[in-house]
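Here's the letter readout for the chains.
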Amino acid sequence: MNRSILIADDEAGIRESLTIVLEDEGYNCTAVADGDAAIEAIDNSNFDIIISDLKMPNTNGIGVLEHALQKSSETLTIIITAHATVETAIQALRKGAADYILKPLDFDEVLIRIENLLEHKKLMQENK
């Protein structure tokens, strides 16, 4: 059961670190540098989870989230940001984000949250 994850962040270090950590756990990762590339990836592939930075060049994380939800309501989106306010967190969750994580990222926490989201998704599908 290989789960696929899209990572969208304009910071190369975060993209690379997340990719390494997640691939070590057996996930298939696609990493892109901005929101427009994320939207293109979403149009061309199905992802179980999208991890998107809130602030990126071109389309921001909320734009990526909205596009992902239009394409597939099954895809779970985690918004990550270093520029957190209560308002941005509430906005992201109201728009349909599955989770919201602050930078700097704690990779163990990210892994736990991904596993919890996938487990929740599996239970929802079984209940259908």
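Preceding this section is the structure that the text describes.
### Quick look at the nonpolar core
Reasoning step 1: Formed by 20 residues in total, the largest nonpolar core has its most connected members in Ile-5, Leu-18, Leu-22, Ile-49, Ile-51 and Ile-114.
Reasoning step 2: Looking at this core, the elements with two or more residues in it are strand S1 (4-8), helix H1 (12-24), strand S3 (49-53), strand S4 (76-81) and helix H5 (107-127).
Reasoning step 3: Residue contributions to this core peak at five residues, all from H5.
Reasoning step 4: Here Ile-114 is in contact with Ile-5, Leu-22, Tyr-27, Ile-49, Ile-51 and Ile-78, once residues within four sequence places are set aside.
Reasoning step 5: Formed by eleven residues, the second largest nonpolar core is a distinct cluster that contains Val-32, Ala-38, Phe-47 and Met-56.

### Thoughts on the sheet that holds strand S5 (residues 99-102)
Reasoning step 1: Reading across from one edge, S2-S1-S3-S4-S5 is the order of the five strands in this open sheet, with parallel pairing throughout. Because the sheet does not close on itself, it has two edges, and the strands there are strand S2 (28-32) and S5. Across this sheet, the average inter-strand angle for adjacent strands is 20 degrees, counted without regard to direction.
Reasoning step 2: In the packing of H1 onto the sheet, the strands contacted are S1, S2, S3 and S4, and the crossing angle to S2 comes to about 175 degrees.

Calculation rules
- Residues numbered from 1 in each chain as written.
- Predicted model: local features only at pLDDT ≥ 70, side-chain atom pairs only at ≥ 80, totals over all residues.
- Heavy atoms only, no water.
- Core = buried A, V, L, I, M, F, W, Y, C linked by side-chain atoms within 4.5 Å.
- Buried < 20%, exposed > 50% of the residue type's maximum accessible area, 1.4 Å probe, protein only.
- Helix = DSSP H or I, 4+ residues; strand = E, 2+ residues; numbered from the N terminus.
- Contact = heavy atoms within 4.5 Å.
- Pairing = 2+ DSSP bridges.
- Axes fitted to C-alpha atoms, helices over the stretch in contact; angles between N-to-C directions.

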